[in-house]
Amino acid sequence: MTDIAILGSGASGTHGLLEILSSLSAERTALLAPVRITVIDRDEQFHSGLPYGHRSGRSSLLISDLEHFLPDPERSDFINWLEERREAMLLWAADGRAPDSPLSEAMELDWILRHEQDIRESRWEHLYLPRRLYGQHLAGLVSEAVKEAHDVAEVEFAHGDIDEITHTVEDGVLLREHDDAGRARFELRARSLLLAIGSPPVKELTVIGGERGTATGGTEEELNSGIIGDLHAPNLEHVIERTWARLESLPMDQRDILLVGGNADALEFVLASQRLRRSTAARLHILCSQGRPHYWHHDRPGESASTPLLDRLFAAAEAGEPLRASELSRTVKAELAAAIRKGNVNSTIAVLIGAVGSSLAYMDDYERCSMATEHGLIINDLLRRAGGDSLDLLVEGIDDSTIDFVPGRFREVRISAGRLVATVDPPTGSSGAAESSSTSTDRDYAVVVNGTGFERVTETRSALLRQMLGSGIARASASRTGLVLDSSFRAASGIFVLGPLVAGHTQGAAAYWHIESVIRILSLAPQVAEKLVVDLLDRQTMEARVQIPAL
């Protein structure tokens, strides 16, 4: 039995833990005894999750520069942490020998060499840092916080792949992991639960295996066939190693890679596969709906935004006209289309992102709900941003003709005679019916990489989410990207939610449609932690009253 269970130890679970410890310390006079906290994660590594731990490669970088990745004071604390390791990085660059420290597990020498002058002059804010550095920083923060809060909390860490959550007769929460035979091999009862499991699994590619017309088997079988269904299963470096071996086993003229999609994982593969592609002389073909994504471009010298439609929309809102989410979505789309024609995409996206954030103040509850459940998601897809080393290597590959773009929509890939035959439909809006097999094209590849993004909650293969939705203990939000929550961020009695599963929720003047960035997690963690701790203290007080014998 534990007081608080935290399920998930990525950025959401870790920042949730830090804020819970802070809230408990602030309420220490109200505590009847130290609070027992159990953090559960299925991975062997805590405090990092997929993005900031071993499943991402040492080449993997943050998706934004440090200035936009963390707010102050968290950014300043992280920079101080980096400064303590600056000399070790420079020494590594000077003599080429990896330091005997966790630093060499977090990054590659190539990154230091690319940014040696910035590191030397402590210009951290505009760098796209190796992701694992932030994971190591988080682990240090947890270690310090647990020590400081030792008189108010006892924190334990446990491994478990939880696939069932139910309520107990005492109105607590029961978490279980089952084996293949259906027997419980891990079980924990908790008074309160912080559900911080992150995003659902990545979408599956349609893969047809061989003559039998059956889908391929497990991850290793797919890698042997050249299918990379998940870049991080079991981890990125293993995937790159197996892909490298496959390419080297093939003739030079058969070393083509198809990368399906243009999300963050796709750009991560461009970066992680750089040495692989150079060594094997492989050619990378990137399949996106309209070709090269509009946000996969560097800023143009001197570009500046011009958003007349948006300006008029906000002027009307300032004058008292209702601002509708659908109208904002149409305006953003129109401004972006104009920016693509003019060539000032990045500066325009920056202005549009700021405007979307301030737009909620001009909306009523209905329109904010519409943003959280529909139009915010549409706008979010339009206003993606990319930059840094990944784009540098992309441009380099385009210039030397080792990378190109294929406009169209992926339909399926068939495994035939050791090759992967991909069927691609024409882009939406092109002549002919996109769904018609007569207009689709087939081409064979050595490797096919999935970069299509995450599943929706309502369509997920996650055993836990399917159990929670199927049992009625939780309901999917209208956006189908998160769970229905109350004003205390509870999906059910005693079950609080932090992280991506908050998507689709509105709270006062706030609306949440995308909760994957650390900045958003940091903004929510104190609120959720405070409500969880208050709820827990109320439960303890009620239990104590029940146990006092009547006179």
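Please refer to the structure higher up on the page.
Computed from a predicted model, the values in this text were never measured in an experiment. All residue numbers here refer to positions counted from 1 along the written sequence of the relevant chain. For this predicted model, a pLDDT threshold of at least 70 governs which residues receive local features, and a threshold of 80 or more governs which side-chain atom pairs are given and counted, while totals over whole chains, interfaces and linings are taken from all residues. Hydrogens and water molecules were not included; the side-chain quantities draw on all heavy atoms of the structure.

Caption draft 1: Spatial organisation of the side chain of Ser347. In this text, helices come from DSSP runs of H or I with a minimum length of four residues, and strands from runs of E with a minimum of two, each type numbered from the N-terminal end. Tracing the sequence through the fold places Ser347 in helix H15 (residues 345–359). Each residue's exposure class comes from its accessible area (1.4 Å probe, protein chains only) as a fraction of the maximum for that residue type: buried when under 20%, exposed when over 50%, partly exposed otherwise. Residue classification places Ser347 among the buried positions, given a relative accessible area of 15%. We call two residues in contact whenever any of their non-hydrogen atoms come within 4.5 Å of each other. For Ser347, the residues in contact, after removing those within four places along its chain, are Glu303, Ser304 and Ala305.

Caption draft 2: The arrangement of the sheet that holds strand S8 (residues 227–228) in detail. Within the open sheet, the five strands sit side by side as S8-S15-S9-S10-S11. Their pairing is parallel. Of all the strands in the sheet, the pair left with one neighbour each is S8 and strand S11 (403–407). Pairing between two strands is assigned when DSSP locates at least 2 bridges connecting them. For S8 and strand S15 (residues 447–450), the ladder comprises two bridges, and the chain directions are parallel. Considered in S15, the bridge of Ile227 is made with Val448.

Caption draft 3: Local environment of helix H10 (residues 236–248). One less than the number of residues in a helix, times 1.5 Å, gives the span that helix is expected to have. For H10, built from 13 residues, the straight-helix expectation of 18 Å at 1.5 Å per residue is met to within 8% by its first-to-last C-alpha distance of 18 Å. On its buried side, H10 packs onto helix H9 (219–225), S8, strand S9 (256–260), helix H11 (264–272), helix H12 (274–280) and S15. Contacts described as polar in this section are N or O atom pairs within 3.5 Å, which, within protein, must combine one atom able to donate a hydrogen with one able to accept it, while residues neighboring in sequence count only if both atoms come from side chains. With a side-chain oxygen positioned 3.3 Å from the backbone nitrogen of Glu237, the residue opening H10 is Asn235.

Caption draft 4: Structural context of the pattern of salt bridges. We define a salt bridge as a contact between a side-chain nitrogen of Lys or Arg and a carboxyl oxygen of Asp or Glu at a distance within 4 Å. This model, assessed by the stated rule, comprises 40 salt bridges. Among the ionic pairs, Arg55 bridges to Asp43, the shortest N-O distance being 3.7 Å. Taken together, the residues span a long stretch of sequence, with Arg55 in the loop between strand S2 (35–41) and helix H2 (66–69) and Asp43 in the loop between S2 and H2 at a distance of 12 residues. Across the pair, Asp43 and Arg55 agree in class, each one buried. The salt bridge partner of Glu187 is Arg176, with a shortest N-O separation of 2.7 Å. Separated by 11 residues along the polypeptide, Glu187 in strand S6 (residues 184–195) and Arg176 in strand S5 (residues 173–178) bring together distant segments of the chain. A relative accessible area of 42% means that Glu187 is categorised as partly exposed. Arg176 gets classed as partly exposed once you look at its relative accessible area, which sits at 22%.

Caption draft 5: Broad picture of the environment of Ser359. Mapping Ser359 onto the fold places it in helix H15. Residues Ser359 and Leu323 lie 36 residues apart in sequence; the distance between their C-alpha atoms is 7.8 Å. Those residues in contact with Ser359, other than ones at most four positions away along the chain, are Phe314, Leu323, Leu328 and Met371.

Caption draft 6: View of the packing of helix H3 (residues 74–83) against helix H8 (residues 131–148). All axes are obtained by fitting lines to C-alpha atoms, using only the stretch in contact for helices, and the reported angles, taken between N-to-C directions, cover 0 to 180 degrees. Put simply, H3 and H8 touch, their axes get as near as 11 Å, and they point 100 degrees apart. The pairing of H3 with H8 is recorded here as roughly perpendicular in orientation. Contacts between H3 and H8 involve Asp77, Phe78, Trp81 and Leu82 from the first element and Leu133, Tyr134, Gln136 and His137 from the second. Only Asp, Glu, Lys and Arg are considered charged in this grouping, and only Ala, Val, Leu, Ile, Met, Phe, Trp, Tyr, Cys and Pro are considered nonpolar; every other residue, Gly among them, is considered polar. A class-by-class count of the residues in the contact of H3 with H8 yields five nonpolar, two polar and one charged. An angle counts as roughly parallel when it lies under 35 degrees, as roughly antiparallel when it exceeds 145, as roughly perpendicular when it falls between 65 and 115, and as oblique in every other case.

Caption draft 7: Region of interest: the sheet that holds strand S7 (residues 207–209). Here we have four strands laid out as an open sheet, ordered S7-S12-S13-S14, and mixed in their pairing. Looking along the sheet, the strands with just one partner apiece sit at the ends: S7 and strand S14 (441–445). This sheet shows a mean twist of 20 degrees between the axes of neighbouring strands, independent of strand direction. Pairing of strand S13 (residues 419–425) with S14, which is carried by five bridges, proceeds in the antiparallel orientation. Following the sheet pairing, Ala422 is matched in S14 by Arg443.

Caption draft 8: Representation of the packing of aromatic side chains within the structure. Aromatic pairs are defined between Phe, Tyr and Trp rings, using the six-membered ring for Trp, whenever the two ring centres lie within 6.5 Å; interplanar angles under 30 degrees are classed as stacked, those over 60 as edge-to-face, and all others as tilted. Tallied over the full model, the rule gives 10 aromatic pairs. Seen from their ring centres, Phe314 and Tyr362 are 5.8 Å apart, and the 90 degrees between their planes marks the pair as edge-to-face. Of the two residues, Phe314 sits in helix H13 (residues 308–318) while Tyr362 sits in the loop between H15 and helix H16 (365–382), which places them 48 residues apart along the sequence. Residue Phe314 is classed as buried on the basis of its relative accessible area, which comes to 14%. Three or more aromatic residues joined by ring pairs make a cluster, and in this case those are Tyr52, Phe69, Phe78, Trp81 and Tyr134. Only Lys NZ and Arg CZ are tested; either one counts as a charge over a ring when it is within 6 Å of the ring centre and within 35 degrees of the ring normal. Cation over ring: Arg85 sits above Trp81, and NZ or CZ is 3.8 Å from the ring centre.

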